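Spelled out from the first residue to the last, the chains are:
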2 protein chains.
Amino acid sequence: MKIVIVGGVAGGASAAARARRLSEAAEIVVFERGQDPSFANCGMPYYIGGEIEVRDKLLVAPLSLLRERHRLDVRIRSQVEAIDRQNKTVTVRSLDDNRTYQESYDQLILATGAAPLKPPIPGIDSTGIYTLRDLQDADQLHAVATGGAKSAVIVGAGFIGIEMAENLVRRGLAVTIVELADQVLPPWDKEMVTPIESHLESSGVALRLGDSATAFTAKEGHVVVTLKSGDQLETDFVVLSVGVRPENQLAKVAGLDLGERGGVKVNRYMQTSDPHIYAVGDVVEVTDVVSSSATQIPLAGPANRQGRIAADHIFGRETYYRGTQGTAVVGVFDMAAAMTGLSEKVLQRLGMDYEKIYIHPAHHAGYYPGAQPMSLKLIFEPTTGRILGAQAVGRQGVDKRIDVIAMAIQADMNVLDLEESELCYAPQFGSAKDPVNMAGFVASGVVRGDHPVVHCDQILSAVQAGTVLIDVRSEKEFSEGHIAGAINQPIDSLRDNLDSLPNDKPIIVYCYVGMRGYLATRILLQNGFEVKNLSGGYKSWRMFADA
Amino acid sequence: MKIVIVGGVAGGASAAARARRLSEAAEIVVFERGQDPSFANCGMPYYIGGEIEVRDKLLVAPLSLLRERHRLDVRIRSQVEAIDRQNKTVTVRSLDDNRTYQESYDQLILATGAAPLKPPIPGIDSTGIYTLRDLQDADQLHAVATGGAKSAVIVGAGFIGIEMAENLVRRGLAVTIVELADQVLPPWDKEMVTPIESHLESSGVALRLGDSATAFTAKEGHVVVTLKSGDQLETDFVVLSVGVRPENQLAKVAGLDLGERGGVKVNRYMQTSDPHIYAVGDVVEVTDVVSSSATQIPLAGPANRQGRIAADHIFGRETYYRGTQGTAVVGVFDMAAAMTGLSEKVLQRLGMDYEKIYIHPAHHAGYYPGAQPMSLKLIFEPTTGRILGAQAVGRQGVDKRIDVIAMAIQADMNVLDLEESELCYAPQFGSAKDPVNMAGFVASGVVRGDHPVVHCDQILSAVQAGTVLIDVRSEKEFSEGHIAGAINQPIDSLRDNLDSLPNDKPIIVYCYVGMRGYLATRILLQNGFEVKNLSGGYKSWRMFADA
């Protein structure tokens, strides 16, 4: 058995190591175009920013280890240029001496990854415009960031853009982010990242949302970025992070089936339309586990698992890839945003029916010092309660709650199951009713019909149509800020003032985070009023209004 | 509907609040023997230690809130002394004026909790011997700890004992723990808490394991604790934390069915043998979800859920209690131990078949600064891979991994599912192959037969019976410490030295954490050797040998 692997990072490296563990006899050749196989690409922004001080830390599995320990025939600076499916060979160019040669395979694994998108903007190839894909890119940006640069413009506010912003601020640079969407971190829903946007700004990052670069012009060692809005930003350099496209050229020329967005189509064993060719990692189209639709999610975890599964299948194993959930986290200075499953915007695009709730719990018991607030959004099927997705932002414990809900999605659980989840509790670690339980309680109340909810984007039209908006917080809270048009009726005296409420109009109640609003909803419902609670209360309103 | 609830903390308070949300019309009377309903009992050690500075923080739901917001008829310092099931009344003694009276009920909920065990040791009622159950106990211990005491002896190394040790050290006291078992934290398996024991000792706590108190003697304002070993400890005061017993007296006298350990028997709706009487919280016997056997697990999370479920059932709801997993966490200075499901010792006691693996991963990507080691033990059915339990110790991220595995147990997943779990990854938060995935990989290898493992307690007898023990680490690592009787054959040159290995004897390989040992196992298996890997490697060996 001779296995040829094209690409030696995440998916390719995992496939190679797994293949060796399954077969001592196999000949395993890994072609890596760059200098370094198996490097930690997710660490590069932190190396550029200095949080990771030593470059060698990024070399997860050095060449010598792959060769000696795993007996892999790793050939670096070797570019695979073509696949001859008929004869089962690949054409390889050695980048050091420009020699080309053929290499035969029994099974071929494509792990070519995804390349940074470079849109056809005038001047995009100017000096001073960088992308970040491999260690050589990281070296360049490290040199620039530590070489006296004072400012940077980052185009694109996805994972890499946000992480680069933090790290360039850490280096003392003045950083501006330009993002076409009207929010940072487009995989998340807009209202969920407003705390992240505030935090970026208060950390010194200038945001230009809903704007885009229309031209780059080199000017005396600087770059002038012309924006669609007409503004011009003069900067020392530009980081372009507007997304990636599957590096599918080899597969395309070889006639393998591709998906709509260019990802190589694979079956659940990671086999392409040619059963002797597998593809893994960022180059493939994957199936979303929640929607069962095709998608493109370039993440390291799935890439590693897919590599393992391709190797398994080559050696007759039954493991298969179950699809991608899109579980992700990103640190933003001392905050974090995490998500799993589908966002509201993707559900809307797919035309799927959903309901959602918001909660704003502390990350551990509120009575223990250091409790940090988080905001958690849970999205679910309105009738069954099946969990469709979740998003969280905060300072601590955000990744934990999303990991827990990721498991619930993997198990196809519903929100009623989250009520019953039994999670670690001691005051430094959580609450007797963990945020996950709380989300389950609230969502289950909605599914059971005990707790009708309404959302921020419905408030204005409801009030205009005659709905009465009641703020059930204290007078003091109300006086410090409330939703326009609301009347104040504190919860503790609500029962004594039912007569003063209209019983011929719908009512929306709200409090600060939704708890008192829920209780008010229960009181009013049982007294014959038509009432809904604003999910997440005034805190959700602030996130919505600031978005 | 008139609901009477006996006990106003966790389970009772949850039942009362839930009942009110379900029915505005219900009359809800809560009898609380103490001064404070709904206080944060899990926070008391941290109040005594000063981490929680203000006592009021422990009053989660003040009396006024329960009365005004929830319109609960809460009667404090009111002890329920008897139940008349025939007439559906309880006899209540008002502790302030010693008056007794009858109160009728339609539905009764017993949330009487569990009382600290006080074994019949001579002198146990001496001055200076404290237990910790309610805020008055906390007040006393707070006064003692801040009143000039210099030393304390803690009898019992369970949750409360360990938390009190940390907090009294924080107050500057010299603390000694006496524990009958040969380990601290008896719910965990012995080898898993050896890092906790070292950490306690290096933090200044003296441990007397496998010893017990046989007498307490008051002596000039001090207490002399006589131990079974014959030693005597003179101390300023004693904290007795040797466990709790269900406070079942009311139920017992009323003729309700009790379990073997004294817990009130309930069905899945939390109904006792009298359908008009429910019981919730530490007083009930619960079903363990993994073993389906009866058990007694006094934890706050389950108590809260049970209270909610009892109220639900009173109002005709279909929710039911699914059983207890025993998910728990305890902080020990800056370390933590967490667990979910069954321990190995409980599995042995129940006679259930199991296999286990150990891993020792970093809590986030090793290449990112601040990665902390953790040790994780996963226990599963040998053939199906069904997850039976997990335990973890470390400094960071321990609660997260146990929460994730708790969800897997709730969903009745197996170890193959953990391979496929898609969890948050960015270098500050985890790894592309999260510790949970790694545990899944290793355990799945065992279940699939790819990866035969052996455990520390089998090494000695195996070597005596002729098994060859091979340390596949580097010469340097070997020279710094290895298992007696091992020979050193570094992994990278293993393939070149197969001829020197015995092919007529079984082999056990090991490395530092089990990864290189796994690779060595794969190499040797495929070359016809009979080989097993020491799960968790030399690091597991150290934990075992130190235990």
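Here is a short report on the structure shown in this document.

Quick notes on the rules
- Residues numbered from 1 in each chain as written.
- Chains lettered and ligands numbered in written order.
- Predicted model: local features only at pLDDT ≥ 70, side-chain atom pairs only at ≥ 80, totals over all residues.
- Heavy atoms only, no water.
- Least-squares fit on C-alpha atoms with pLDDT ≥ 70 in both.
- Contact = heavy atoms within 4.5 Å.
- Helix = DSSP H or I, 4+ residues; strand = E, 2+ residues; numbered from the N terminus.
- Expected span 1.5 Å × (residues − 1).
- Buried < 20%, exposed > 50% of the residue type's maximum accessible area, 1.4 Å probe, protein only.
- Core = buried A, V, L, I, M, F, W, Y, C linked by side-chain atoms within 4.5 Å.
- Pairing = 2+ DSSP bridges.
- Axes fitted to C-alpha atoms, helices over the stretch in contact; angles between N-to-C directions.
- Buried area = accessible area lost by both parts, 1.4 Å probe.
- Salt bridge = Lys/Arg side-chain N within 4 Å of Asp/Glu carboxyl O.
- Polar contact = N/O pair within 3.5 Å; in protein donor to acceptor, adjacent residues only side chain to side chain.
- Nonpolar A, V, L, I, M, F, W, Y, C, P; charged D, E, K, R; others polar.
- Parallel < 35°, antiparallel > 145°, perpendicular 65-115°, else oblique.
- 1 Å grid on protein atoms, 1.4 Å probe; cavity = no way out; pocket = protein on both sides within 12 Å on 5 of 7 lines; lining within 4 Å.
- Points joined across faces, edges and corners; volume = space filled by probe spheres on them.

Some thoughts on the relation of the copies chain A and chain B
The operation relating chain A to chain B is a screw motion whose rotation component is 180°, with 0.0 Å of axial translation and a residual RMSD of 0.0 Å. Read as a symmetry element, the transformation amounts to a two-fold axis. A symmetric contact is evident, with 100% of the interface residues of chain A recurring at the interface of chain B.

Re helix H5 (residues 159–170) of chain B
All names here are of chain B. Look at H5: 17 Å from first C-alpha to last across twelve residues, which is about the 16 Å you get at 1.5 Å a residue. H5 sits mainly inside the fold: nine of its twelve residues count as buried. Within H5, the full set of buried residues consists of Gly161, Ile162, Glu163, Met164, Ala165, Glu166, Asn167, Leu168 and Val169.

Some words on the nonpolar core
Formed by 82 residues in total, the largest nonpolar core has its most connected members in Ile357, Leu378 and Ile387 of chain A together with Ile357, Leu378 and Ile387 of chain B. Apart from residues lying up to four places away in sequence, isoleucine 357 of chain B is in contact with Leu376, Lys377, Leu378, Phe380, Ala439, Val442, Ala443, Val446 and Ser535 of chain B. Core analysis: the next-biggest nonpolar cluster, separate from the first, contains 52 residues, Val144, Leu185 and Val239 of chain A together with Tyr425 of chain B among them.

Things to note about the sheet that holds strand E7 (residues 107–110) of chain A
Residue and element names in this part refer to chain A. Taken together, the five strands give an open sheet; going across it, the order is E3-E2-E1-E7-E18, and neighbouring strands pair in parallel fashion. In the strand order of this sheet, the two ends are held by strand E3 (73–76) and strand E18 (277–279), each with one partner. Across the sheet, the mean angle from the axis of one strand to that of its neighbour is 15°, orientation sign disregarded. Here three bridges tie E7 to E18, and the two strands are oriented parallel to one another. Paired with isoleucine 109 across the strands is tyrosine 278, a residue of E18.

A word on the sheet that holds strand E2 (residues 27–31) of chain B
Residue and element names in this part refer to chain B. Spatially, five strands are ordered E3-E2-E1-E7-E18 in an open sheet, and the strand pairing comes out parallel. Looking at which strands have only one partner, the edges of the open sheet turn out to be strand E3 (73–75) and strand E18 (277–279). Neighbour to neighbour, the strand axes of the sheet diverge by 15° on average, direction disregarded.

Digging into the interface of chain A and chain B
Each partner contributes to the interface: chain A provides 86 residues, whereas chain B provides 86 residues. Across the chain A/chain B interface, buried area totals approximately 7800 Å², and carbon plus sulfur atoms make up 53% of it. The largest per-residue losses of area from chain A upon contact with chain B belong to Arg69, Tyr367 and Glu422 of chain A, which jointly make up 11% of the total buried on that side. Taken together, the connections running from chain A to chain B amount to 20 salt bridges. The partner of aspartate 450 of chain A in a salt bridge is arginine 317 of chain B, with the nearest N and O atoms 2.6 Å apart. Linking chain A to chain B there are 46 residue pairs in polar contact (both at pLDDT 80 or more). Of all the elements in the fold, those that place two or more residues in the side of chain A that touches chain B are helix H1 (10–22), helix H8 (300–314), strand E21 (328–332), strand E22 (335–341), helix H10 (398–410), helix H11 (415–420), helix H12 (435–448) and helix H15 (515–526) of chain A. Here the residues of the side of chain A that touches chain B are counted per class, giving 40 nonpolar, 18 polar and 28 charged.

Side note on the packing of helix H13 (residues 456–464) of chain A against helix H16 (residues 537–546) of chain A
All names here are of chain A. One can describe the packing of H13 onto H16 by two numbers: an axis separation of 9 Å at closest approach and a directional angle of 90°. Relative to H16, the element H13 is oriented roughly perpendicular. Across the interface between the two elements, Cys456, Asp457 and Ile459 of H13 pack against Ser540, Trp541 and Phe544 of H16. Counted by class, the contact of H13 with H16 contains four nonpolar, one polar and one charged residues.

So, the pattern of salt bridges
All names here are of chain B. Scanning the model with the defined rule gives 83 salt bridges over all chains in all. Taking the shortest distance from any N to any O, the salt bridge between glutamate 27 and lysine 2 comes out at 4.0 Å. Placement of the pair is glutamate 27 in strand E2 and lysine 2 in strand E1 (residues 2–6), with a sequence separation of 25 residues. The partly exposed category is assigned to glutamate 27, whose relative accessible area is 39%. Under the relative-accessibility criterion, lysine 2 is labelled buried at 11%.

A word on the environment of glutamate 247 of chain A
Residue and element names in this part refer to chain A. Relative to the helices and strands, glutamate 247 resides in the loop between strand E17 (244–246) and helix H7 (249–253). On the accessibility criterion, glutamate 247 (16% relative accessible area) is buried. Spatially, the C-alpha atoms of glutamate 247 and threonine 112 are 5.9 Å apart, while their sequence positions differ by 135 residues. Not counting the four nearest positions on each side in its chain, glutamate 247 is found in contact with Arg33, Thr112, Gly113, Ala114, Ala115, Arg133 and Val283.

Examining the side chain of glutamine 296 of chain A
Residues and elements named next belong to chain A. The residue glutamine 296 is located in the loop between strand E20 (294–295) and H8 in this model. Within the structure, glutamine 296 has its side chain in polar contact with the backbone oxygen of aspartate 282 (distance 3.4 Å). A distance of 2.9 Å separates a polar side-chain atom of glutamine 296 from the backbone oxygen of valine 284. Each residue touching glutamine 296, except ones within four places of it in the same chain, is listed here: Pro246, Arg261, Gly263, Asp282, Val283, Val284 and Glu285.

Observations concerning empty space enclosed by the protein
Rolling a probe over the atoms, with the probe sized like a water molecule, indicates the empty space that remains. On inspection of all chains with the given rule, the structure shows seven cavities of 30 Å³ or more. Sorting elements by how many residues they give to the lining of the largest cavity places helix H8 (residues 300–314) of chain B first, with four residues.

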